[in-house]
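Observations on chain architecture
If you want the building blocks of each chain, they are given just below.
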Amino acid sequence: MNAHLDQVSTLVSPSEIAFTPAVKARQQENGSRAGYAKFESSRGWESQVTPVLADFIAAQTSMYMATANAEGQPYMQHRGGPPGFLHVLDEQTLAFADYAGNKQYITAGNLDDNPKAQLFLMDYAHAQRVKIWGVAKVVTGDPELLARVASPDYAARVERVIVFTVKAWDANCPKHIPRLLRAEDVLPAIEQRDQHIATLEARIKALEVSLQA
């Protein structure tokens, strides 16, 4: 990405989405509350999907979605698909096709109890990560929406659509993110290197034979 996800914004979202009194007390105890209070009053988090975030989302092939049931038991589920499988419907709304899986339906059941959810997107190649807070719902029986988020070339059966309303998002610092690359991005370079090595080895062998003649 050419633009930074943490660029200055004019939109300020309420810190209470993540910074509860207990969280703020921990920040105060560890010396970071003053800095975050200044950040919140002057800049804050984004509460809408910006063009930069939309570009970031369009490039992702994987994400994690966190939900919790009525008793507060958390659950984290991986979701993936072709690039852009998570669709930006508008400045406040994201959606993705929920493909058939192991039929546990924990995420869907949790959302029936508690619509609050979070998306966590990680770009290992560029050491960037984004957290998105919001509410989500399960949508069935909407062929127009299904057609909008489905990927015809992706070999998986869509069971439902998850619609996510964005309340706030934040781009984390890149510290401690391991540098990982997708196999399909590096295999061509590896194959080219191997072919070059094979060519050099053949030349060396031919040279050795000529010197022994």
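Residues numbered from 1 in each chain as written. Predicted model: local features only at pLDDT ≥ 70, side-chain atom pairs only at ≥ 80, totals over all residues. Heavy atoms only, no water.

Secondary structure assignment for the protein chain yields six helices and seven strands. On C-alpha atoms alone, the protein chain measures out to a radius of gyration of 23 Å, which is more than a quarter above the 17 Å that the 2.2 N^0.38 rule sets for 213 residues. Residue burial in the protein chain is summarised as follows: out of 213 residues, 34% are buried. A separation threshold of at least 6 residues defines the contact pool for the protein chain, and within that pool the share at least 24 residues apart is 72%. Carbon and sulfur atoms make up 54% of the accessible area of the protein chain, which totals about 13300 Å². Placing the 21 positive and 24 negative side-chain charges of the protein chain at their respective mean positions leaves the two points 5 Å apart. (Helix = DSSP H or I, 4+ residues; strand = E, 2+ residues; numbered from the N terminus. Rg over C-alpha atoms; globule rule 2.2 N^0.38 Å. Buried < 20%, exposed > 50% of the residue type's maximum accessible area, 1.4 Å probe, protein only. Contact = heavy atoms within 4.5 Å. Areas by Shrake-Rupley, 256 points an atom, 1.4 Å probe, with all protein chains shown as cover. Lys, Arg positive; Asp, Glu negative; His and termini not counted. Charge placed at Lys NZ, Arg CZ, Asp CG, Glu CD.)

Time to look at the confidence of the model for the protein chain. Confidence in the prediction of the protein chain, expressed as mean pLDDT, is 85, and 91% of residues score 70 or more. This stretch, residues 7–13, has a pLDDT under 50; its non-local contacts, to residues over four places away or in other chains, come to 20 contacts. (pLDDT = per-residue confidence, 0-100.)

Before going further, it helps to examine the nonpolar core. A general feature of soluble globular proteins is that nonpolar side chains tend to end up buried together. Formed by 22 residues in total, the largest nonpolar core has its most connected members in M65, L86, L94, L119, L121, I132 and F164. Secondary structure elements with two or more residues in this core: α3 (51–59), β1 (62–68), β4 (93–99), β5 (116–123), β6 (128–139) and β7 (158–171). Those residues in contact with L121 that lie beyond four places of it in its chain are F56, I57, Q60, M63, L86, Q128, R129, V130 and I132. Among the nonpolar cores identified, the runner-up in size contains nine residues, and L89, Y99, V139 and V161 belong to it. (Core = buried A, V, L, I, M, F, W, Y, C linked by side-chain atoms within 4.5 Å.)

Across a sheet, strands are paired by hydrogen bonds formed along the backbone, either parallel or antiparallel in direction. Strand order in the open sheet made by the seven strands is β2-β1-β5-β6-β7-β4-β3, with antiparallel pairing throughout. Edge positions in the sheet fall to β2 (74–80) and β3 (87–90), since each has one partner strand and no second. Each adjacent strand pair in this sheet contributes to an overall mean axis angle of 35°, direction not counted. As paired elements, β4 and β7 share seven bridges and run antiparallel to each other. Each residue of the ladder has a partner; that of T93, found in β7, is T165. Packing against the sheet, α3 makes contact with β3, β4, β5, β6 and β7, and its axis sits at approximately 80° to β6. (Pairing = 2+ DSSP bridges. Axes fitted to C-alpha atoms, helices over the stretch in contact; angles between N-to-C directions.)

Moving on to the pattern of salt bridges. According to the stated counting rule, one finds eight salt bridges in the structure shown. Measuring nitrogen to oxygen at the nearest pair gives 3.5 Å for the salt bridge that ties K103 to E159. One end of the pair, K103, is in the loop between β4 and α4 (106–113); the other, E159, is in strand β7, and 56 residues separate them in sequence. Salt bridges sharing common partners tie together R79, D98, K103, R157, E159 and R160. (Salt bridge = Lys/Arg side-chain N within 4 Å of Asp/Glu carboxyl O.)

Moving on, we get to unusual backbone geometry. For K103, which is not a glycine, the phi torsion comes out positive at approximately 65°. Residue A127 is not a glycine yet carries a positive backbone phi of 55°. With respect to the helices, strands and loops of the structure, A127 is situated in the loop between β5 and β6. Residue class for A127 comes out partly exposed when judged on its relative accessible area of 22%.

With that settled, consider the packing of aromatic side chains. All chains considered together, the criterion is met by three aromatic pairs. Aromatic ring contacts, followed pair by pair, group F19, Y36, W45 and W133 into a single cluster. (Phe/Tyr/Trp six-rings, centres within 6.5 Å; stacked < 30°, edge-to-face > 60°.)

Along a regular strand, successive side chains alternate from one face of the sheet to the other. Bridge count for β1 against β2 is seven bridges, and the pairing is antiparallel. Each residue of the ladder has a partner; that of S62, found in β2, is G80.

It is worth spelling out the side chain of R33 at this point. Within the fold, R33 resides in helix α2 (residues 33–42). Every residue in contact with R33, bar those within four places of it in the chain, is listed here: F19, K24, Q27, Q28 and E40.

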